Amino acid sequence: MANDSHAESYLCKTSTTSVVLPIFYTIMFITGLPGNAISLWVFIRKIAIKTSTHIYLINLGISNLLLCLTMPFQATYYSLGTKWHRQDIMCQMAINGLTPAIHINICIGVMILSWVALSRFASLIQHSHADRPSRWLKVLPGAFLCRKRHAKLAYVLCLVTWIIVAIGVTSFVVLYSIREVRSVDDGNGDEACYNVAVEVGGEGSHVFALVAVSLFFVFFLLVLCAYIAVIRHIWRSRRSTVISDSQRVYARVFRNIVVIMVVLVVCLLPHHIYKAIFVHIVNEQSWSASPPKDACHPLSMYVEVKSILLCLATLRCSTDPIIYFLLDKTFRNHALSLLRLHASANDSQSSKSNMGQLSQATSVCLQTLLERKLHGHKGDSL
């Protein structure tokens, strides 16, 4: 952590942290919660026969739904964190509940997206029209290559992913709450919740951050290798004299892996790169001059950048329903039919209301004509 000479300095927040980030988290909650809930409903209730891709996307949807539920608390933390004390219940919930939930679901999302990319790639290379089989057939495990075992493998991988990530993050949170938080609380119990100890962390936090970054890059490289291998495989297949509908399959698999790569590069890669840089800055930079009492901590700007990139990493929970639409044809068909059903229901309601208005207008006109005839007959009699 930073030197003890900065113990009395505090993290300064700009309007980006106190206003913009809460607005973004609120928008992500409003858009992501119904989107992921509807997606899970389509996957679970509408799709009877579930493939390995459906199983992966169901687990990804559950992870995104849990991540969306943390958004209101995250918005509240950034807007009111400086007003809470370290011993308040809301602060303890943010430290011991909100933070592990976010990191668990970020790690699970990365791993499941990687399983989807590898599964799609394994399905592609088994249907080759190139002059020789792909070398990846000898590298990938047999479970990825056996179509009958794809669904079972997906269940096992998702279960193992949840267990390993949950145990790892929970162990870190227990270690953090016992060693790092209590050691700081002994020195200053009235410190604000949004402070250096929480946002910067200590040695244990930095070790965990570096482990998480390393795991991310392992899975990122797996997806990148699959992406490059798909390009080579498609190129080799197109040079073959056999022309069939499999080219459309190649294009679809290629698009799926490109979508996953875009999500990893745009949303998750900046957060993990900066996390490693942030740990290096905290550990290596020497604070030569002590700031005045109650001055802004020198790490305030770095912490704010970290918070912005974390918001970008959690943006995936709101955009993943669009990814489901692009990755799975069955989900896309059910979603489109659901939208068409909703549109037809609205049209029928509007047509009924129009018919009601027309019949009401017709009855008024008939009543007016009858009244005029009655008045005419009365005038003739007079």
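Everything discussed here concerns the structure shown above.
(A) Main features of helix α2 (residues 52-69). Between the first and last C-alpha of α2 there are 26 Å, a value that for 18 residues agrees with the 26 Å anticipated at 1.5 Å per step. Counting buried positions along α2 yields 14 of 18 residues, so the element is predominantly enclosed.

(B) Here's a closer look at the nonpolar core. Y25, Y56, Y77, L264 and L268 are the most contacted members of the largest nonpolar core, which has 85 residues in total. For this core, the element with the highest residue contribution is helix α4 (residues 89-125), accounting for 18 residues.

(C) Region of interest: the state of the cysteines. The final tally for this structure, using the stated rule, is two disulfides. There is a disulfide in this structure between C12 and C296, and the S-S distance comes to 1.6 Å. Classification of the bridge connecting C12 and C296 rests on its S-S torsion, roughly -90°, and on that basis the disulfide is left-handed. Of this pair, C12 sits in the segment before α1 (15-46) while C296 is found in the loop between α9 (246-284) and α10 (300-314), placing the two residues 284 residues apart along the sequence. Disulfide partner of C91: C193, at an S-S distance of 2.2 Å.

(D) Structural view of the packing of aromatic side chains. A full pass over the atoms with the stated rule returns 11 aromatic pairs. Ring geometry for Y324 and F331: centres 6.0 Å apart, planes at 85°, overall edge-to-face. Across the pair, exposure class does not vary: Y324 and F331 are buried alike. In this arrangement the basic side chain of K13 is found over the ring face of Y194, its NZ or CZ atom lying 5.3 Å from the centre. One residue, K306, lies across the ring of F278, its end atom 5.7 Å from the ring centre.

(E) The arrangement of the environment of N59 in detail. One can find N59 in helix α2. Put simply, N59 and C158 are 99 residues apart on the chain and 7.0 Å apart in space, counted from C-alpha to C-alpha. Polar contacts involving the side chain of N59 include one to the side chain of W162, which spans 3.1 Å.

(F) Seen up close, a nonpolar patch on the surface. Together, V19, V20, I23, F24 and I27 line one region of the surface with nonpolar side chains, adding up to about 420 Å² of accessible area. Mapped onto the fold, V20 is located in helix α1.

(G) Fine view of the side chain of T17. With respect to the secondary-structure elements, T17 resides in helix α1. Judged by its relative accessible area of 0%, T17 falls in the buried class. Here the side chain of T17 touches E304 through a polar contact of 2.6 Å, side chain to side chain. With residues up to four places along the chain from it excluded, the contact list for T17 reads P22, Y78, Y194 and E304.

(H) The arrangement of helix α3 (residues 71-80) in detail. Those residues of α3 that sit buried are M71, Q74, A75, Y77 and Y78. Burial along α3 is one-sided: seen end-on, the buried residues are contained in an arc of 160°.

(I) View of the packing of α1 against α3. The contact between α1 and α3 brings their axes to 8 Å, and the two run at 170°. Taken as axis vectors, α1 and α3 run roughly antiparallel relative to one another. Taken together, the residues of α3 that come into contact with α1 (itself represented by T17, S18, L21, P22, Y25, T26, M28 and F29) are M71, P72, Q74, A75, Y78 and S79. When the residues that make up the contact of α1 with α3 are grouped by side-chain class, the tally is nine nonpolar, five polar and no charged.

Criteria and cut-off values
Residues numbered from 1 in each chain as written. Predicted model: local features only at pLDDT ≥ 70, side-chain atom pairs only at ≥ 80, totals over all residues. Heavy atoms only, no water. Helix = DSSP H or I, 4+ residues; strand = E, 2+ residues; numbered from the N terminus. Expected span 1.5 Å × (residues − 1). Buried < 20%, exposed > 50% of the residue type's maximum accessible area, 1.4 Å probe, protein only. Core = buried A, V, L, I, M, F, W, Y, C linked by side-chain atoms within 4.5 Å. Disulfide = S-S within 2.5 Å. Phe/Tyr/Trp six-rings, centres within 6.5 Å; stacked < 30°, edge-to-face > 60°. Lys NZ or Arg CZ within 6 Å of the ring centre and 35° of its normal. Polar contact = N/O pair within 3.5 Å; in protein donor to acceptor, adjacent residues only side chain to side chain. Patch = residues over 30% accessible without salt bridge, like charges linked within 9 Å, V, L, I, M, F, W, Y side chains within 5 Å. Areas by Shrake-Rupley, 256 points an atom, 1.4 Å probe, with all protein chains shown as cover. Salt bridge = Lys/Arg side-chain N within 4 Å of Asp/Glu carboxyl O. Contact = heavy atoms within 4.5 Å. Arc of directions from axis to C-beta. Axes fitted to C-alpha atoms, helices over the stretch in contact; angles between N-to-C directions. Parallel < 35°, antiparallel > 145°, perpendicular 65-115°, else oblique. Nonpolar A, V, L, I, M, F, W, Y, C, P; charged D, E, K, R; others polar.

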